Every structure is written in C-alpha cells, then in structure tokens.
Amino acid sequence: MNAYFNELNYSLANEDTSLEVNVLPDQSKHVLVAAGSGSRVTPLLAKNPEHITVVDLAKQQLYLTQLRVETIRNFQRDEFLSFWGYPSREMNPETRKKYFMELNLEAEAKEYFINLFDSHNWQGIVYNGKWEKTFNFISRVFQLLIGKNKIDQLFQCRNMEEQQQYLQSNFYGLGYRLTVGLLGNAKFFNTFLYKGHFVKKNMPIGYYDFYNSTFRKVLSLCPARENYFINLILRGTLDFPEGLPIECDEDVFHKTKQALNTTTISYELGNILDVAQKVPPIDLISFSDVPSYFSGDIEKSYLQKIRPYIAADGLVTLRYYLRIPENTDKNGFDDVTSDYATAIAKEKTQSYNIEILKKIA
Ligand SMILES: C[S@@+](CC[C@H](N)C(=O)[O-])C[C@H]1O[C@@H](n2cnc3c(N)ncnc32)[C@H](O)[C@@H]1O
C-alpha cells in the first residue's frame, strides 16, 4: 500500500465536496466515504443519510474527521470557524484548549490532538496537513515571482468582468509562467510532498498545460476571493468569509448539525475496497481520487470487486487526478456523469476528471 498515506496529509480540503453533496440523494441509507481531512465527509450529512462509514488508510485522517464531527455537534458555527482557524474571529489558545478538552473523543484521538495542539501552541490546525503546508509554500513562490501587490489586487476584484480584465492585463506574465513551470510537476510534488508516491500521470497532457488550464478554469468560476482553493494557492490562507469550503457554509453547517441527531457514523481504518465488502449495502461510495493511485489488476477489477456490495441504483463518485485507471471493467454500471454536468462545472478546484457511475440493478 502507498506509504504516503499514513500521516496527517490533509487538514483543510483539496476537493470541493459540494459535488458529492449534489450527487447524494436525500435520506439515503448508507454512504461509504474516504475521510481525507474529514471536510469531504461532514457536508454529506446535510443530505441526512441514515449511516456513514468513514474509511481511511491513515488513522490521523480518521481522527481529524472525528474532531470535525464533534466540533460541529458541540459548537455553534462561529465557534466552529474560529476553533479551526477560519476567518473572521480569532479564538485565543486558552479558549481553544478549554473547548477541546470538553469534547467527547476516543482516548487515542484525544491524545493525538493534545500532542498536535501542544506543538502548535493551541493555534487552529486547519493548515497543519502536509498538503496545506506545501500549498502555503507554493503561494509564497507565486507572491515572490508575480508580486504580492499584484496578487492582493486580484483578490480585490468584486465581479467577473473586473477580474478577467485584471488577469489579462496584469497577471499571466513571466512570473506566473515561471511559478507554474517550476512547481507544477511530479518532480516538485515528489520531492516536497509525496516522497516518490505522487500519482503516475497517464493523461495525455503535459504538466504545464494541465496546471495552467486548471488555474485558468478556477479563475473563470467566480471572483478569486470567493474560491477557497485559489486562496490557498495564491495566499496560502483563507482570509475572506465569502471564500470558505462547503463545510463552513451556513446552511450546510446547520443541516449537518441537525443530522447529527439521527445519522450514525462509524470509522474504519483500512483500504476502501476491503471495507466496502464488510458494510453492504452501500448507496453511495465517495472515492475521492483514490483510484488514481491504483495499478495492475486492481485498477482493472476494483469496480467488480465492490459491485456486489453496492445497493440497487447505488452511486459511485470518482475523481481522477492526472491518472485515469486503465482498462477498468465497468460492466454492470451506467455512466451517469452527464446528469451532474452543472455541479461538475462549478466544482471549485477544477483539478479532477470526474466520473459518476450508477449500479445497474
Ligand atoms: C486520495 S486522498 C486525496 C488525494 C488528493 N486529492 C491528492 O491530490 O493527492 C484522500 C484520502 O484517501 C486516503 N486513501 C488513499 N488510498 C486509500 C485507500 N486505498 N483506501 C482508503 N483510503 C485511502 C488518504 O489517506 C487520504 O486521506
């Protein structure tokens, strides 16, 4: 198994889970979801499923999901935002510690977070994942090579017309091209983040073209200040209340909190393919981009392995990052991706090829 996935790699969100929320039908019985930071899990509660099984290879990602769940259950939205380190209100370290100590977490998770928070003076931990730290570094290179002022001005644009004009005349110059060229490639990510386990690209596009077109698509969606992902890439932090991931959305937060009165959640450490076999029937499997890391027999047969454990008409959401699994046997599934074209077009990271499959009953 990939040795990269055994640490605190994700603490915020590098996928926009509004897509999976859109795909999940209301009041489904059972969802199986890869944890990541946990922020790709909790918004699904807004659809009020009966049970969620959360799975990950890394126990740290499961702990973080538990912490998200317990903070939503116990805190009001403004407390939740400031506990994690989102804008706009600061929470002082003593208050954060007091709030944390009152949470009901399993002993191992509690000990893990006491150590983590202690080593960061009880600051918010939303930027503590290795992925978030790497993107903070990337933002500093962008600021150095493009100029901090130019980036700050981009985030002052209030509508798309203003933003497109600003981008054309001020932004896509040498500094931009140098940063994308230097940092947008496997060598950089393998050296600084994935330690040799970066995804093995098989999409027929060069790295520069991929990252350049992703960047431009992201900036064509909405004003930069409203997109958390471009905030992370160019500023390294989220500074605008209007540019936060979906877990922070007022309506989603309240529905999630409400659902915690009824939805049950279990946590499984292990491979999503093995766990799927233990917990049928499943109405939605939210895979993240896990299949991009499959190879050999598994990439061919993984859908057939899990098919018996999926409910009739059950859905599978797949995100492919630079690598589309080869020769995958999709027998017994309908490709329903086009039903979700609008949600896919609005997805805030635009970094994935997305495929949605439905089991043929
Ligand atoms: C695949 S990662 C997201 C990756 C990220 N979007 C990227 O660009 O690399 C999401 C979560 O899946 C977990 N994961 C990876 N492979 C897994 C597997 N086979 N079974 C269960 N969880 C897995 C990781 O530990 C991580 O927390």
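The structure presented is a predicted model; accordingly, all values stated were derived computationally and were not measured.

Draft legend 1. Structural detail: the sheet that holds strand β3 (residues 264-269). The strand order across the open sheet formed by seven strands is β3-β2-β1-β4-β5-β7-β6, and the pairing between neighbours is mixed. Every other strand in the sheet has two partners, leaving β3 and β6 (333-335) as the edge strands with one partner each. On average, each strand axis in the sheet is inclined to that of its neighbour by 20°, with strand direction left out of account. The pairing of strand β2 (residues 51-56) with β3 spans six bridges and is parallel. Bridging from a neighbouring strand, Ile52 pairs with Ile265 of β3. In the packing of helix α2 (residues 59-74) onto the sheet, the strands contacted are β2 and β3, and the crossing angle to β3 comes to about 165°.

Draft legend 2. Spatial organisation of the nonpolar core. In this structure, Leu32, Val33, Leu44, Val54, Ile272, Ala276 and Ile285 are the most contacted members of the largest nonpolar core, which totals 84 residues. Shared between two domains, this core holds at least three residues of each, these being domain 1 (18-61 + 246-359) and domain 2 (130-234). If sequence neighbours within four positions are ignored, Val33 has contacts with Arg40, Val41, Leu44, Ile52, Val54 and Ser286.

Draft legend 3. Just the domain arrangement of the protein chain, in detail. As far as domains go, the protein chain holds domain 1 (18-61 + 246-359) and domain 2 (130-234). One C-alpha centre belongs to domain 1, the other to domain 2; they are set 27 Å apart. Taken together, the 12 residues of domain 1 in the interface contact 13 residues of domain 2. A per-class count over the side of domain 1 that touches domain 2 returns four nonpolar, four polar and four charged.

Draft legend 4. Layout of the pairing of strand β4 (residues 282-286). Of all five residues making up β4, five are buried, and the element is well covered by its neighbours. Across three bridges, the pairing between strand β1 (residues 30-34) and β4 is parallel. Each residue of the ladder has a partner; that of Val33, found in β4, is Ser286. Both β4 and strand β5 (residues 310-320) contribute to a ladder of four bridges, which runs parallel. Residue pairing in the sheet places Ile285 in a bridge with Val316 of β5. Traced from β4 through helix α15 (residues 296-306) to β5, the parallel crossover comes out right-handed.

Quick notes on the rules
- Counting from 1, residues in each chain are numbered in the order their sequence is written.
- Local features are withheld for residues below a pLDDT of 70 in this predicted model, meaning they are given only at 70 or higher, and side-chain atom pairs are given and counted only at 80 or more; totals for whole chains, interfaces and linings count all residues.
- Think of it this way: DSSP has to see at least two bridges between two strands before they count as a pair.
- Secondary structure counts use DSSP, requiring at least four H or I residues in a row for a helix and at least two E residues in a row for a strand, with both numbered from the N terminus.
- An axis is simply a line fitted to the C-alpha atoms; with a helix, the fit covers only the stretch in contact. Between two such axes, the angle follows the N-to-C directions and lies from 0 to 180 degrees.
- The contact criterion used is a C-beta to C-beta distance within 7 Å, with each C-beta placed from the backbone.
- In these notes, a nonpolar core means any group of buried Ala, Val, Leu, Ile, Met, Phe, Trp, Tyr and Cys residues linked to one another through C-beta atoms within 7 Å.
- Buried means a residue has 20 or more other C-beta atoms within 10 Å of its own C-beta, exposed means 12 or fewer, and partly exposed covers the counts in between; C-beta atoms are placed from the backbone.
- In this entry, domain limits derive from an automatic or database-based domain assignment.
- Three residue categories are used. Nonpolar comprises Ala, Val, Leu, Ile, Met, Phe, Trp, Tyr, Cys and Pro, charged comprises Asp, Glu, Lys and Arg, and polar comprises the others, including Gly.
- Handedness is read with the strands pointing away from the viewer; a crossover is right-handed when the path from the first strand over the helix to the second is clockwise.

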